[in-house]
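A closer look at the structure
Residues per chain are reported as follows:
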Amino acid sequence: MFHEPEFLLFASEADLVALAGGGFLILALLALLGDRMRNQRERVERLDRVGWVPWTGVFVACAIIGGGLLAMSLPQALFGG
């Protein structure tokens, strides 16, 4: 059975939203890395037949969502209230 860590058990909603925002920003950084890797690879015709991921769109969406979540939650998570 899965048990959540103790520091999450008594975390406030602001703390949980801040963690989710941080997760989205990490995902945005991974999408940025994926976009850079795709742009730097050399074109090989047999490799161009594989699926294509819109890394730029994934990056922008995750960065906006993560930034918004952090902007809304960090004041409450840091300073309480």
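Above this note sits the structure.
Residues numbered from 1 in each chain as written. Predicted model: local features only at pLDDT ≥ 70, side-chain atom pairs only at ≥ 80, totals over all residues. Heavy atoms only, no water.

Right, let's get into the overall build of the protein. Looking only at helices and strands, the protein has three helices and zero strands in total. Mapped in sequence order, the helices and strands of the protein form the string α-α-α. Counting every position in the protein, which comprises 81 residues, the buried fraction comes to 14%. In the protein, of all internal contacts separated by at least 6 residues, the share reaching a separation of at least 24 is 76%. (Helix = DSSP H or I, 4+ residues; strand = E, 2+ residues; numbered from the N terminus. Buried < 20%, exposed > 50% of the residue type's maximum accessible area, 1.4 Å probe, protein only. Contact = heavy atoms within 4.5 Å.)

Moving on to the side chain of Ser 73. By secondary structure assignment, the location of Ser 73 is in helix 3 (residues 55-79). Within the structure, the side chain of Ser 73 is placed 2.9 Å from the backbone oxygen of Leu 69, a separation counted as a polar contact. If we skip the residues at most four places from it in the chain, Ser 73 touches Ala 14, Val 17 and Ala 18. (Polar contact = N/O pair within 3.5 Å; in protein donor to acceptor, adjacent residues only side chain to side chain.)

A cluster of nonpolar side chains, namely Phe 24, Ile 26, Leu 27, Leu 30, Leu 33, Met 37 and Ile 65, defines an oily patch on the protein surface of about 660 Å² accessible area. The element contributing the most residues to the nonpolar patch is helix 2 (residues 13-40), with six residues. As for its placement among the helices and strands, Phe 24 is situated in helix 2. (Patch = residues over 30% accessible without salt bridge, like charges linked within 9 Å, V, L, I, M, F, W, Y side chains within 5 Å. Areas by Shrake-Rupley, 256 points an atom, 1.4 Å probe, with all protein chains shown as cover. Salt bridge = Lys/Arg side-chain N within 4 Å of Asp/Glu carboxyl O.)

Tracing the backbone shows Val 53 in the loop between helix 2 and helix 3. When its relative accessible area of 35% is taken as the criterion, Val 53 is described as partly exposed. With 19 residues separating them in the primary sequence, Val 53 and Gly 34 have C-alpha atoms 9.0 Å apart.

End to end, helix 3 covers 35 Å across 25 residues, agreeing with the expected 36 Å (1.5 Å per residue, within 8%). In helix 3, a bend of some 40° at Ser 73 exceeds every other bend along the element, and Pro 75, a proline, comes one to four places later. Within helix 3, the full set of buried residues consists of Cys 62, Gly 66, Leu 70 and Ser 73. Contact partners of the buried residues in helix 3: helix 2. Phi for Gly 80, located one or two positions after helix 3, is positive at around 70°. (Expected span 1.5 Å × (residues − 1). Bend = angle between axes of the 7 residues up to and from the residue.)

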